[in-house]
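These are the residues of each chain, in order.
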Amino acid sequence: MQVYFGDPRRFGLPGCALTIGNFDGVHQGHQNMLKRLRAEADLRGLPSAVLTFEPHPREFFSREAPPARLSTLRDKLAELEASGLVDVVFVYRFNHAFARMGAQAFIDEVLVGALNTRYLLIGDDFQFGAKRSGDFALLCACPHFVTEAMPSVLVKGERASSTRVRACLAAGHLDAAEHLLGHSYQLSGRVMHGRKLGRTLGFPTANIHLPHRKPALEGVFVVEAETADGVWGGVASLGRNPTVSQSEDYKLEVHLFDFAGDLYGQRMTVRFLKKLRDEARYDDLNELVAQIEQDASSARSYLNNLQREQA
């Protein structure tokens, strides 16, 4: 899969079968759209392509209170590549100039001029251009490409959307989010040096860098972590750590069971399996340690039961 940042005209690329979207989380609705795009691309002898944006437009327009991001750009690209359905991804910087671009200019300059679109597949609620003035009818009027709209995908009677996945995660309903995503929700990032307080409390943690201000979920969770040394079960805290920190920044801290290696500088993927509880503030460290011990015991029991069920 090739990834192009910015205006791709300098690469002299051929025509493509294209779909457009943020693809945050690459959930089952996205996956079904990519399957349809792949089939149409093969039928027409074209590469399948995705046009996506960084930052998410809603982040750009709501900088003080951005929506939770399901996946980083790096993770989104990895999931698109893992699907095996996408040949090319175009990443456009969403900035003031792009936000002011009119709908017809977007068609002429981006879809036709830059991407040489021959076939376009969009969602049934797709709007584009300044003030969301462009719609399906305007795209259909363009003679340079064929436009088709794909209806929403239902998973057990529920519309698969990034908004719905966020709502499930925020409510702690990880099973419901997994049905919509097609897999356990996960985050990845590099292990950074922290205060090393967990080590002094008997529970050393890997501190994962979070590139976005607001995660999609908060609390204490049973997790599986994929590292360079294998996959490990553990317990994780994702929040602001009110007992030991006054910072408003979110932190992902993962304690891996029976692990004694060095993870600093490594990338780690953390899969969230079950929510144990909400984050809480404790009066002293002894109370915090007692709760961590209880969380670790609950997480081990869950993982042991899961392992027996899978055996």
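Thresholds applied
- Just so you know, the residues in each chain are numbered from 1, in the order the chain's sequence is written.
- Given that this is a predicted model, residues contribute local features only at a pLDDT of at least 70 and side-chain atom pairs are listed and counted only at 80 or more, while totals for whole chains, interfaces and linings are drawn from all residues.
- Note that the side-chain values use all heavy atoms of the structure and ignore hydrogens as well as water.
- Helix and strand definitions follow DSSP, with helices as H or I runs of at least four residues and strands as E runs of at least two, each counted in order from the N terminus.
- Only protein chains enter the accessibility calculation, which uses a 1.4 Å probe; a residue is then buried when its area is under 20% of its type maximum, exposed when over 50%, and partly exposed in between.
- Methods summary: accessible areas were calculated by the Shrake-Rupley approach with a probe of 1.4 Å, and residue burial reflects only the protein chains presented.
- Under the counting rule used here, the positive set is Lys and Arg, the negative set is Asp and Glu, and His together with the chain ends is not counted.
- Lys charges are placed at NZ, Arg charges at CZ, Asp charges at CG and Glu charges at CD.
- Salt bridges are defined by distance alone: a side-chain nitrogen of Lys or Arg within 4 Å of a carboxyl oxygen of Asp or Glu.
- Helices are assigned an expected span. That span is 1.5 Å times one less than the residue count.
- Here, two residues are considered to be in contact whenever any of their heavy atoms come within 4.5 Å of each other.
- Nitrogen and oxygen atoms within 3.5 Å of one another constitute a polar contact, given that in protein one can donate a hydrogen and the other can accept it, and given that sequence-neighbouring residues count only through two side-chain atoms.
- Any two strands with at least two DSSP-identified bridges between them are counted as paired.
- Axis definition: a line fit to C-alpha positions, over the contact stretch in the case of helices; interaxial angles, taken between N-to-C directions, run 0 to 180 degrees.
- Oblique is the label for any angle not under 35 degrees, not over 145, and not in the 65 to 115 range, which are roughly parallel, roughly antiparallel and roughly perpendicular in turn.
- Left-handed describes a crossing whose near helix is turned anticlockwise from the far helix by less than a right angle; the clockwise case is right-handed.
- Charged means Asp, Glu, Lys or Arg here, nonpolar means Ala, Val, Leu, Ile, Met, Phe, Trp, Tyr, Cys or Pro, and polar covers whatever is left, Gly included.

Chemist: A description of the overall build of the chain should follow, citing residues and the corresponding values.
Modeler: Looking only at helices and strands, the chain features 10 helices and 14 strands. When each of the 311 residues of the chain is scored for burial, the buried share is 49%. Summed over its atoms, the accessible surface of the chain is roughly 15,500 Å², and 50% of this surface lies on carbon and sulfur atoms. For the chain, the centre of its 36 positive side-chain charges and the centre of its 37 negative side-chain charges are spaced 4 Å apart.

Chemist: Give a detailed account of the pattern of salt bridges, specifying residues and quantitative values.
Modeler: What the rule picks out here adds up to 12 salt bridges. The partner of Arg 36 in a salt bridge is Glu 40, and the shortest N-O contact between them spans 3.9 Å. Residue Arg 36 and its partner Glu 40 are both found in helix α1 (residues 28-44); the two are separated by four residues, about one turn of the helix. For Arg 36, a relative accessible area of 29% corresponds to the partly exposed category. On the accessibility criterion, Glu 40 (14% relative accessible area) is buried. As a salt-bridge pair, Asp 295 and Arg 277 come within 2.7 Å of each other at their nearest N and O atoms. On the criterion of sequence distance, the pair formed by Asp 295 in helix α10 (residues 285-310) and Arg 277 in strand β14 (residues 267-277) is long-range, its members being 18 residues apart.

Chemist: Which residues make up α1, and what are the values?
Modeler: Over its 17 residues, α1 extends 24 Å from the first C-alpha to the last, a length consistent with the 24 Å expected when each residue adds 1.5 Å. Of the surrounding secondary structure, the elements contacted by the buried residues of α1 are β2 (16-20), β3 (48-54), α3 (73-83), β5 (117-123), β6 (146-150) and α7 (162-170). Just downstream of α1, Gly 45 is the residue with a positive phi angle, here 65°.

Chemist: Explain the environment of Asp 278 to me, and be specific about the residues and the numbers.
Modeler: Looking at the element boundaries, Asp 278 is found in the loop between β14 and α10. When the C-alpha atoms of Asp 278 and Leu 288 are compared, they prove to be 14 Å apart, with 10 residues separating the residues in sequence. A polar contact is formed between the side chain of Asp 278 and the side chain of Lys 275, at a distance of 2.6 Å.

Chemist: Let's hear about the sheet that holds strand β11 (residues 219-227): which residues, and what values?
Modeler: Strand order in the closed barrel made by the six strands is β9-β10-β13-β12-β11-β14, with antiparallel pairing throughout. Shown here is a sheet whose adjacent strand axes are inclined to one another by a mean of 45°, direction ignored. Sheet contacts for α10: β11, β12 (230-239) and β14; angle to β14, the most-contacted strand, approximately 100°.

Chemist: Requested: an account of the packing of α7 against helix α8 (residues 174-181), with residues and values cited.
Modeler: To characterise two packed helices, one gives the angle between the axes of the helices and the distance between these axes. The contact between α7 and α8 brings their axes to 7 Å, and the two run at 160°. Considering the angle they form, α7 stands roughly antiparallel to α8. For the element pair α7 and α8, the recorded crossing hand is left-handed. Contact with α7, carried on its side by Arg 164, Val 165, Cys 168 and Leu 169, involves Leu 174, Ala 176, Ala 177, Leu 180 and Leu 181 of α8 and no other residues of that element. Its residues placed into classes, the contact of α7 with α8 shows eight nonpolar, no polar and one charged.

Chemist: Residue-level account of unusual backbone geometry, with values.
Modeler: Of note, the bond from Glu 54 into Pro 55 is cis; its omega dihedral lies within 30 degrees of zero at 0°. Within the chain, Val 26 stands out as a residue other than glycine whose phi angle is a positive 45°. Along the chain, Val 26 turns up in the loop between β2 and α1. We classify Val 26 as buried; its relative accessible area is 3%. Backbone geometry at Lys 131 places phi at a positive 60°, although glycine is not the residue there.

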